[in-house]
Structure formats: structure tokens, C-alpha cells
Amino acid sequence: MPHATSKLVHLPLEWQGREEPLLSAPEEDAEEAQPLPAVFASPMRGMWRDEKVALYCDQVLLGCKAEDADEAMSKYLSEKLKIKDKWLGVWKTNPELFFVKYEEMSIPYVGILVEVTCKPQPNSSSCFKVTVSVAEPFSSNIANIPRDLVDEILEELEHSVPLLEVYPVEGQDANIHDVALALEVVRFFYDFLWRDWDDEESCENYTALIEERINLWCDIQDGTIPGPIAQRFKKTLEKYKNKRVELIEYQSNIKEDPSAAEAVECWKKYYEIVMLCGLLKMWEDLRLRVHGPFFPRILRRRKGKRDFGKTITHIVAKVMTTEMVKDLSSDTLLQQHDDLDLALDSCYSGDTVVIFPGEYHAANLALLTDDIIIKGVGKREEIMITSEPSHDSFVVSKADNVKLMHLSLIQQGTVDGIVVVESGHMTLENCVLKCEGTGVCVLTGAALTITDSEITGAQGAGVELYPGSIAILERNEIHHCNNLRTSDSSKSTLGGVNMKVLPAPKLKMTNNHIYNNNGYGVSILQPTEQFFIVAEQTLNKGAASGDKKDDKMLSKVMQNLNLEMNNNKIEANLKGDIRIVTS
């Protein structure tokens, strides 16, 4: 296959996806390509969730089994293509087809305006080929791409390219809109809804599974699933696809009698695919997705006390001076570290970690199993602990009693809550929690005490209490949470504090200020009316203070939930102050 060897200039990322010429400095006198015309905007983008479900489940798949899904998509596409067999489109293909060397990510695709003659063969819709030829005027997103090179590549391909790589352009007759929609329907199916394992497993209700995947995709798009979690899902799905391709290519290069080493390598690749497949299935199961966590934990054994029974105070600072330790008793055992991870790794139960001003990263905060105290010295805003964006978790505790004091926790990219209490008890005192993903999560059976702290920026609730958990919140500020980027206002319900009942968590809230959250100040979700009879309703500030009936209702709920709320200031929350709902 011939390739262009001319040097390509670097293209800034903000040019990606534009239909205009990306390169504009041809090295030889040649016909410069015109800008590409606009293609039909994806009709799928404007569809509501229910419309997508109805389209795929009720019109295209029609209750078929997984093994028949490919045939159903082919039939659907073939019928739509009968409307118009010739039209103009933009052929978008991999730059590797044209260029030997180019900076990765600098060119998202090579686009050529082509005339399409559509006579699909009776095979998989994902493999349909169409006949194309270069349309006039010669147009591309690469201004200096040689016309001769394009003609040569198409001749090598016998002018036959995958149909799903061609995008109809605007300005043609109305029938082309239906063709464009059909192509998007098929692309969306194979990109987001189809899984390679579907026809390998028995599935009694395949359309129900497709509906779950549509819901997952919509939850990602409208922000119901926080951004970091959505990104990790996309990366896992992409990794799964790549690993499957790797295995197929590796197997195709093995001779008839594979060696022992080749057989082992095949099994290794296979089991890696199985692991990724299992993880993706967990995401696709709504029950597992709601209750998380999304990734298996790396278990760490509890060290307990030191053999000689002493505790150590770990000083975390670049340089230690006598001024830093002047307030410690003379018999205090000290150990100095310039790395917070090393200090945490050296801890035994009963130790204290003292952190001086600076910015730190600590992967070991996600592995807290021993009873220790971690405290900052100085202003809490000056002791900044930032998460590692590539890690799943930031602060995770399984210890009986862990205490964090006078710190700022800054979440960047991790998918779990900024703080997750899996078991035991955690105390947060005088801390600032700047969330990027989800907020503080207290799982079933765990306990949390937060005092004099600030929680802000969570994409979900600032504090999320799972069934059977315990929390004490005193003198805290919880604000600007539930920052879901969604146009669906019904999704914006979580806000300051969210409780999932059955069994009910125990919550004591005193002197907290919960304000400016995009959902409700406090949300109480019960799975059935059998736990206690409460009709779905919203109790806003005015009703709670002025309506005796609502006062009685809220009082009954609080009594049933072991919920104490005293002297809290709950105000200016977008949806209201307190919400009680039966799901």
C-alpha cells in the first residue's frame, strides 16, 4: 500500500473534529483540497432516553435473541438504504492509510468528499461495503493532501470502503436524512450497545439488556454517573476491545502446533479479557452500578501494635527543625519523612502522622487499616493533599478508628468518593474537602463523624449514607454539590446529604450550614412504603416551618430513621431543603 511520506506539521487539539482544512502548507505545487461540506449532525444526539429504547427494542431488534442481533441490524439498514442508492458523503478513515508518520492525535481522521453508490451485500451490517469515487470539487480536511494519492489509495481498495466510515453531507434531498439516521443507528449499536460476548452467552431477554446499556450510556451523557467514573468505564471498554483484537492477531500468527510458551500466552490474554468482561458486566447491571463500589479493593492486612508496644510520631516535612517538635513531650519517639506515602507505610496502630504545610500526594490514604491520627500543623488550607488522577480511590478506611485533622483534601480524577468509610469509624475534624467526583460515602455498617469541616464540589451528594451506616455531622458547611452537567432537572435531586434507608442509617446533624446545592439540602430515599408510610413529597423550608401536617410527617420520619436535626441552616438549595421519596 503506498503512503505519503511528506512531513506533517503538528495540529493543535482544538482543531480536532472540524470539517475545515487542517494543514495548509503543501510542499509542492498541487491542487489544494477545498474545505469539507458539513455532514448531517448526529440525529441520535437529540433523542430522549425513551426514544432510543423504543427505536432499538421495539423497531430494530423486535425481541430477537443476541445471536440474531447482527442479522436484525443488517435487515434494518438494507431497508433504509433502498430509499437512495446514490448520494454524497464524507469518507472518514484512519490516517495510517495515507501517512507513514504523523503526530499521534494530531489528525483524528482523513476525510474525503466522495460520491457513494450503495449496493450493500447480504452480510453483517458492520461489514457493509459501498463503492465510492472522489467527488468534485476535491475536498478534504487535509488541505495539502495530494489528489493523486487519494486516487491511488482508492484504486488499491478497488473503490470499495466500509459503509459505516461514510457520513452523508447536508444539502441533499430529504431521503438522505433517513439514510444518515440509519447509519447512526447502526454505528451507535456497534460502538456502544453491542458486546463481543453477547452471542456467546444465553440471554433470555436481549432487548432488556440493550435497554440497560442505553440507560448506562444516557447516565454517562447526562452526568448522572460522575465524570471520572464515566471516563474509567470508557477506558475499560476500549481496553477490552483492544485486548480482544490482540488475542485474535496473536492466535492468527501461531502455527498449527503452538509451543508451550505460546499456549500460556494465549491463556494469559484470554483471562485478561475475561476479567475486563466481568468488570464491564458489573457496570451494566444497574443494581451493581447503583451500590458500587466500581473496582475490587486491594486488601491490606492490619499491622496492629508494634512488638515493643511503643507508638511513633511521624513528621512529614522536607526538613525537620526543633521548632516543629517543641510542643512534644521529651519521650516522644520521632521519625521524619519527606514523603507522606512513606510515613503512612511506616505506621502501626496508635501512631500519629504530623504534616507541615505543603502539597502532598499519598496513594496509601486508600489503604487505611490501622488506627492512626493524621493531622496538619498550621492553616488547613496550606496542608494540601491531592489525589492521583490515575488511581481509583483517594481516602478509604477499613480501620476501627482513624482521625484526619486540619487538612485540605483535593480530589483529582479518582472515581470513588473523596472519602469512603468501608468499615469501622472515621473522624474528619476541621478539614476542607474539595471534591471533583463523588463526595463522602459511608458504607453499610461503617460510621463517620465530621466536625467543623467544609465539603464542596461533589458531582453527587456531599455526604452519602448507605443503609445501616452511622454519621454525626456538627458545625459543617456543605455547599455547591451535585454539580451534574445535565439538562434533565429530574436528575438533580441529590445535594448536601443523601440517605438510603432499609435498614435506616443513623444520622445526627447539629449546627450545619447546607446551602447552594444543585439538588436538595437533605434527601431521604426509601425503597418501599412498607418501611414507614410516607407519600412521595417535597418538604421545603416554608412548608416545614408553617404547615403542622408537614411538621408531623417530618417528625415521624425522623423518629423512624433515628434522625436528629437541630439548629441546622438549610437554605438556597436549587430543588428545596428536605426531600422524602419512595422509589
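I will try to describe carefully the structure that is included in this document. If you're wondering where the values come from, they're calculated on a predicted model, not measured in any experiment.

1. Some thoughts on a negative patch on the surface
There is a patch of like negative charges on the surface, built from Asp50, Glu51, Asp58 and Glu211. No other element matches the three residues that helix H1 (residues 49-60) contributes to the negative patch. With respect to the helices and strands, aspartate 50 occurs in helix H1.

2. A closer look at the sheet that holds strand E5 (residues 166-168)
Pairing in this open sheet of five strands is antiparallel, and the strands run E4-E3-E2-E1-E5 from one edge to the other. If you trace the sheet from one side to the other, it starts and ends with strand E4 (160-162) and E5, each paired once. Between one strand axis and the next, the sheet turns by 50° as a mean value, whatever way the strands run. Pairing geometry for strand E3 (residues 129-134) and E4, over three bridges, is antiparallel. Note on E4: the bridge partner recorded for lysine 129 is proline 162. Packing of helix H3 (residues 147-156) onto the sheet brings it into contact with strand E1 (86-93), strand E2 (110-117), E3 and E4, and relative to E3 it is tilted by some 155°. Strand contacts of helix H4 (residues 175-193): E1 and E5, with the helix running at about 145° to E5, the strand carrying the most contacts.

3. Quick look at the packing of aromatic side chains
Enumeration over the complete set of coordinates arrives at twelve aromatic pairs. Note on phenylalanine 189 and tryptophan 194: the rings are 6.1 Å apart at their centroids and 40° apart in plane angle, and the pair reads as tilted. Both residues of the pair, phenylalanine 189 and tryptophan 194, count as buried. Between tryptophan 267 and tyrosine 270, the aromatic rings sit 5.8 Å apart at their centres with planes inclined by 85°, giving edge-to-face as the arrangement. Residue tryptophan 267 and its partner tyrosine 270 are both found in helix H7 (residues 260-284); the two are separated by three residues, about one turn of the helix. A network of ring pairs unites the aromatic residues Tyr56, Phe188, Phe189, Tyr190, Phe192, Trp194 and Trp217 as a single cluster. Above the plane of the ring of tyrosine 109 lies lysine 92, whose end atom (NZ or CZ) is 4.9 Å from the centre. Its guanidinium or amino end placed over the ring of tyrosine 167, lysine 92 lies 4.7 Å from that ring's centre, counting from NZ or CZ.

4. Examining the nonpolar core
Judged by nonpolar contacts, the single largest core of 60 residues is most densely connected at Tyr56, Trp91, Phe98, Ile145 and Phe189. If you tally residues by element for this core, the top one is H4, at eleven residues. Contacts of isoleucine 145, omitting those with residues within four sequence positions, involve Glu31, Phe98, Phe99, Val110, Ile112, Phe138, Ser140 and Val150. Judged by nonpolar contacts, the second largest core, of 55 residues, contains Ala343, Ile383, Leu428 and Ile580.

5. With respect to the pattern of salt bridges
Side chains that differ in charge, positive against negative, can pair when their charged atoms come close. Counting across every chain of the model gives 22 salt bridges. A salt bridge links lysine 84 to aspartate 173, with the shortest nitrogen-to-oxygen separation between them at 2.7 Å. With lysine 84 in the loop between helix H2 (69-81) and E1 and aspartate 173 in the loop between E5 and H4, this pair connects stretches of sequence that are 89 residues apart.

6. Side note on the sheet that holds strand E23 (residues 477-479)
Here eight strands make up an open sheet; going across it, the order is E9-E11-E14-E17-E20-E23-E26-E30 and the pairing parallel. Looking at which strands have only one partner, the edges of the open sheet turn out to be strand E9 (358-361) and strand E30 (569-571). Here the strands of the sheet are splayed against their neighbours by 10° on average, with no regard to which way each runs. With three bridges connecting them, strand E26 (residues 513-515) and E30 associate as parallel partners. Of the residues in E30, the one forming a bridge with histidine 513 is lysine 569.

7. Regarding a nonpolar patch on the surface
Together, Trp267, Tyr270, Tyr271 and Val274 line one region of the surface with nonpolar side chains, adding up to about 450 Å² of accessible area. By secondary structure assignment, the location of tyrosine 271 is in helix H7.

Thresholds applied
Residues numbered from 1 in each chain as written. Predicted model: local features only at pLDDT ≥ 70, side-chain atom pairs only at ≥ 80, totals over all residues. Heavy atoms only, no water. Patch = residues over 30% accessible without salt bridge, like charges linked within 9 Å, V, L, I, M, F, W, Y side chains within 5 Å. Areas by Shrake-Rupley, 256 points an atom, 1.4 Å probe, with all protein chains shown as cover. Salt bridge = Lys/Arg side-chain N within 4 Å of Asp/Glu carboxyl O. Lys, Arg positive; Asp, Glu negative; His and termini not counted. Charge placed at Lys NZ, Arg CZ, Asp CG, Glu CD. Helix = DSSP H or I, 4+ residues; strand = E, 2+ residues; numbered from the N terminus. Pairing = 2+ DSSP bridges. Axes fitted to C-alpha atoms, helices over the stretch in contact; angles between N-to-C directions. Contact = heavy atoms within 4.5 Å. Phe/Tyr/Trp six-rings, centres within 6.5 Å; stacked < 30°, edge-to-face > 60°. Buried < 20%, exposed > 50% of the residue type's maximum accessible area, 1.4 Å probe, protein only. Lys NZ or Arg CZ within 6 Å of the ring centre and 35° of its normal. Core = buried A, V, L, I, M, F, W, Y, C linked by side-chain atoms within 4.5 Å.

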